[in-house]
Amino acid sequence: MSIDRNQPCPCGSGRKYKKCCLPKQQVTAAPVEAGWLRMRRTEGELVERIMALFHRDYGRVAFDLGWDEYTLWTDEAPDAEEWPELEAAFVAWLLFNWEPGRHAARRRRRPDGRVTTATGDALPAVTPARHLMARRGGDLDSYERRWLEEACTQPYTFCQVVAVEPGLRLDLRDLLLKRDVTVQERQASKTLSAGNVIYTKIVSLDGESVMLGCAPIVLPGNRVGMILEARDLILRRRGKPIDLVRRHDVELRDLYLALRREQMDPAPPALTNTDGDPLQMTRLDYELRCTVQQALDALLPLTGEDDAGVFADTFERDEAGALVFASIPWLRPTRPGGSMQNTVLANLDLSEGRLSVQVNSQQRADAAREQIAVRLGDRARFKGAVIESMEQLQATARANARSPEAVKRQQEQEALERSPEARALMEKLARQHWAAWPDKSLPALRGDTPRQAARTPAGRERLEALLLEFAGRIEQTGVPGPDLDALRRDLGLDRELPASSAPALTIADLRHFLPKPGRSTGATLPRVARHLQSIVEVASSVASATPVPTPIPCRRRPGRKPCPGELLAHQDAARGDIHWTCPVCGDVGEIHNWQGTAHDFGDRPNLPPIARISLVTGFQRRPGDEAQLAEIVFAGPNVTRELRCAVLDNRITELEGEYGDARAGSPVQVDRLEIEHESGTTHITILNRAIMLLHGNDEVMRRLHRVCVAVEKGKGGRS
C-alpha cells in the first residue's frame, strides 16, 4: 500500500510521512537500488555478448556437450518443462563454469543407422566467459572485467535461507564455504522462507551481492545434513575451500540432482509400525485342542494383567456358564517415564477349537508364534497365515472412509479438537515435548542431543540449520511451534563458544592404531592408540545408536588443565562408525574400520577355536611345480580374532575339496587352504581365483577369496 507524502506517518509518531520516515527510506534504499541495478544490468549485457560469441565459436555441438555434462550424461533431452533449470541455472553454468574437455563426448545416431561421436577437442579450452575476456577484453570496462572475473571464480554452492525481506533481500548461509551473505533479490525473496536450501552461485562486487543462475527447485531444510556430510568430505583435502568446492563441481551437482529427484518424484512413504517393522497385516490361525478357559489362563501373562476379569466385557459363555469366546491383547509395557500407552503387539481371539492372532508385521507374527508355542505347546496346532495385501488394506480403508459411521466419527473428532479442553491438552503435551526436546537424541544431529550439539562448532551448525527449518515450517503452515528464541537461550546458542571449548573433529581409522604384523599384541603402543581402542571396546559392546556414558576419561587439556569429563559414545547405525563426545569440553571424534578387529566386542556368536591356518599361494607353470609357491602360517595364539571372524562369517569349515578351473589361465594361480579346527581339518584347493572372480558370479568363490585376503593381510606369521 502506497502512503501519500502528507499523510500521518505509519510509525505512529504523529508527524507527516514526508517529515518522518520517508527521507530515511529514500537515503537507505537509493544506494542499494543503484548497486543492484548496476549488477543486474551488467549481467544482462554480458550474458548477451557471451551468448553471441558462444554461438559463433562453440556452436550447437558445444551446447549439447554442455547439457550432457550438466545432467551427468543421463541422455535427458533439454526440455524446459521437465528441466526448469534450462533457462537460468544451466545457461549460467554453461557460460561461467563449463570448460570443454576431452572427456566430453556426445554420441548421435544418424538417419542411416550409423553412430557418430562429437567431442569437445576442437572447442576453446576455457569457459565461454573467459573466452570473451580473451577475445574482446579491450571492449570491456573495469567494472565489467571485475564482474566477469568474480562470476567465473565463484563456484555453485548450497545456501540455506536465514531471513527474508520479501521483495528486497535474502540473508543466506553458504553451507559449503561457511560464510553468511546478504543478497539483493526481488523475485526469490517473495517465495522463499527461512530454512529453505537453494543451489546457486553468489556474485559479490563493491559490497553488493546477487545470485547468479539459481536453480529453481527449492530443497527442504532437512537435507542440510547430507550437504554438510559432502562438504566435510571435500574440505578434508588440502587446498583453499573455494578451490576445493569448484574442483568438485561434478560431485556437488550430482548431489543436487539426486536431491532434486527426491523432491520432484518422492518415493512413497514406507509404512511401518511403532517398532519400525514394515507394515504387513497378518492373521495366524490355530486349531485349539483345549478349552477356551485353559488357553486364556496360559496366555493371560501376555496382557500384563493378573486378573482375567479385566477383559470380561469380551467374554461369551454358553448356557452352562463355560467360556466359549474371549478376546485379549498382547501388550508390551512402555518404558519408565514414557508418555505413550502400552504397545499392542497382537490381538488374540479365542473360541471353541480355534485361536486367531492378528498382527501388523512379519516380525511380530514370528514373535507371536514363539510365544504360543511356549505357552500352549501341543494344545495349539498352527494351521496357516493369511496376509492382507496393501491394495486390499487401501481399498478397505477407502470404503470405510465413505461410510456414514466414518463420516460421523470424523465430525466428532473435528469437534473434539476444537474444544477448549482438547486445545489445552494439546498445548500441555506440546510444552512437555519441547521441554524434553533439548535432551533427546536426534538423527539430524548424528545421534547427539541438542544440548550436546550446542557444545561443539560442528554440532551448532547442524543445530542452527534444524532450528531454521522449524522457523520456516512455522511460517509456512501457521502451526504453533516452540519459542525459538527461548530455545536458543536455553541451549546457549546466544553465547559464543570459548576457544578452549571448540576442539577440532578427530577422525581416526582404527587399523592405523593396531600393532603391526609380527609384533605381539602386548607391545607398547602410543597412548592415543589405547585411548581409541578403549572407545571401540566400550561402544561395540553396548551397540547403542544413542550416546551412552563410558568410564573413559577425556584426553583433552583445555587451559592446560585435565578435562574432568568422561566420554559419551555410540554407533552410527547408517554408516557403522563410532562417535564420541565429551559433555564437558566438547571433544568430538569418529572411528572407522573397527569392525572385526581384536577390539570389536560386539554381540557375535562364539568364535570357533582354530588351532592352525595355513595358506600356500602362488603360480604354477606345470603341475607339481612347488618352487614358486609361498606359505603363510598362523598357529596357536597367532590365529587372530580377524581370522576367526573371517572363517565364521564365510562358513569355510563347511567347504572341502577343489574349486575353480585349471584351464581358465596359464600359469595357474594356486591357493591351498588348510584349517585345523575342533571338528577336524578342512583342506581346500582354489585354482585361478582371480580369473574366476572376474568372470564368474560364484558366491562360494567370493567366500574363499575373503578368507584368503584375511590370511594374506596378516603375513607376520609367515614361515
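Bear in mind the structure is a predicted one, so any value in this text is a computation, not a measurement.

Focus on the nonpolar core
Counting 58 residues, the largest nonpolar core has Phe-96, Trp-98, Trp-147, Leu-148 and Phe-158 as its most contacted members. The element that contributes the greatest number of residues to this core is helix α3 (residues 89–96), accounting for seven residues. In contact with Leu-148, not counting residues within four places along its chain, are Leu-46, Ile-50, Phe-96, Ala-129, Leu-132, Met-133 and Leu-140. Counting 30 residues, the second-largest nonpolar core is a separate cluster that includes Ala-295, Leu-302, Ala-346 and Val-359.

Structural notes on empty space enclosed by the protein
Across all of its chains, the model carries two cavities of 30 Å³ or more by this definition. The computed volume of the largest cavity comes to approximately 40 Å³. Residue lining of the largest cavity: Asp-448, Gln-452, Arg-455, Thr-456, Thr-581, Cys-582, Pro-583, Gly-586 and Val-588, and that is the complete set. When grouped by side-chain class, the residues that make up the lining of the largest cavity number three nonpolar, four polar and two charged. Space inside the second largest cavity adds up to approximately 30 Å³. Lining the second largest cavity are Leu-302, Trp-330, Ala-346, Leu-348, Val-357, Ala-368, Gln-371 and Ile-372. Taken together, the elements giving at least two residues each to the lining of the second largest cavity come down to β11 (343–351) and α10 (362–376). Top element by residues in the lining of the second largest cavity is α10. It accounts for three residues. In the lining of the second largest cavity, the residues fall into seven nonpolar, one polar and no charged.

Description of the side chain of Ser-209
Relative to the helices and strands, Ser-209 is located in strand β7 (residues 208–212). For Ser-209, the side chain forms a polar contact with the side chain of Ser-204, separated by 2.6 Å.

Considering the confidence of the model for the protein
Looking at the protein, pLDDT values average 81 and 87% of them are 70 or higher. Per-element mean pLDDT across the protein ranges from 46 in strand β2 (residues 115–119) up to 94 in strand β12 (residues 354–359). Across residues 27–32 the pLDDT falls below 50, and counting only partners more than four positions away or on other chains, this stretch makes four contacts in the model.

Comments concerning unusual backbone geometry
Backbone torsion omega between Ser-666 and Pro-667 reads 0°, so that peptide bond is classified as cis. With respect to the helices and strands, the residue Pro-667 is situated in the loop between β21 (657–660) and β22 (668–677). Of note in the backbone geometry, Trp-73 takes a positive phi value of approximately 55° without being a glycine. For Trp-73, the location among the structural elements is in the loop between α2 (59–70) and α3.

A few points about the sheet that holds strand β18 (residues 588–592)
Across the sheet, five strands lie side by side as β14-β18-β17-β16-β15; this open sheet has mixed pairing. A single partner strand is all that each edge strand has here, and the edge strands are β14 (506–509) and β15 (548–553). Along the sheet, successive strands turn relative to each other by an average axial angle of 30°, direction set aside. In the sheet, strand β17 (residues 578–581) pairs with β18 via four bridges, with the strands oriented antiparallel. For Trp-580, the partnering residue across the bridge sits in β18 and is Gly-589.

Considering the pattern of salt bridges
Applying the stated criterion across every chain, the model contains 31 salt bridges. The partner of Glu-469 in a salt bridge is Arg-473, and the shortest N-O contact between them spans 2.7 Å. Of this pair, Glu-469 and Arg-473 both sit in helix α15 (residues 457–477), separated by four residues, roughly a single helical turn. Three or more residues joined by partner-sharing salt bridges are found here, namely Arg-40, Glu-43 and Glu-185.

Reading the values: the criteria
Residues numbered from 1 in each chain as written. Predicted model: local features only at pLDDT ≥ 70, side-chain atom pairs only at ≥ 80, totals over all residues. Heavy atoms only, no water. Core = buried A, V, L, I, M, F, W, Y, C linked by side-chain atoms within 4.5 Å. Buried < 20%, exposed > 50% of the residue type's maximum accessible area, 1.4 Å probe, protein only. Helix = DSSP H or I, 4+ residues; strand = E, 2+ residues; numbered from the N terminus. Contact = heavy atoms within 4.5 Å. 1 Å grid on protein atoms, 1.4 Å probe; cavity = no way out; pocket = protein on both sides within 12 Å on 5 of 7 lines; lining within 4 Å. Points joined across faces, edges and corners; volume = space filled by probe spheres on them. Nonpolar A, V, L, I, M, F, W, Y, C, P; charged D, E, K, R; others polar. Polar contact = N/O pair within 3.5 Å; in protein donor to acceptor, adjacent residues only side chain to side chain. pLDDT = per-residue confidence, 0-100. Pairing = 2+ DSSP bridges. Axes fitted to C-alpha atoms, helices over the stretch in contact; angles between N-to-C directions. Salt bridge = Lys/Arg side-chain N within 4 Å of Asp/Glu carboxyl O.

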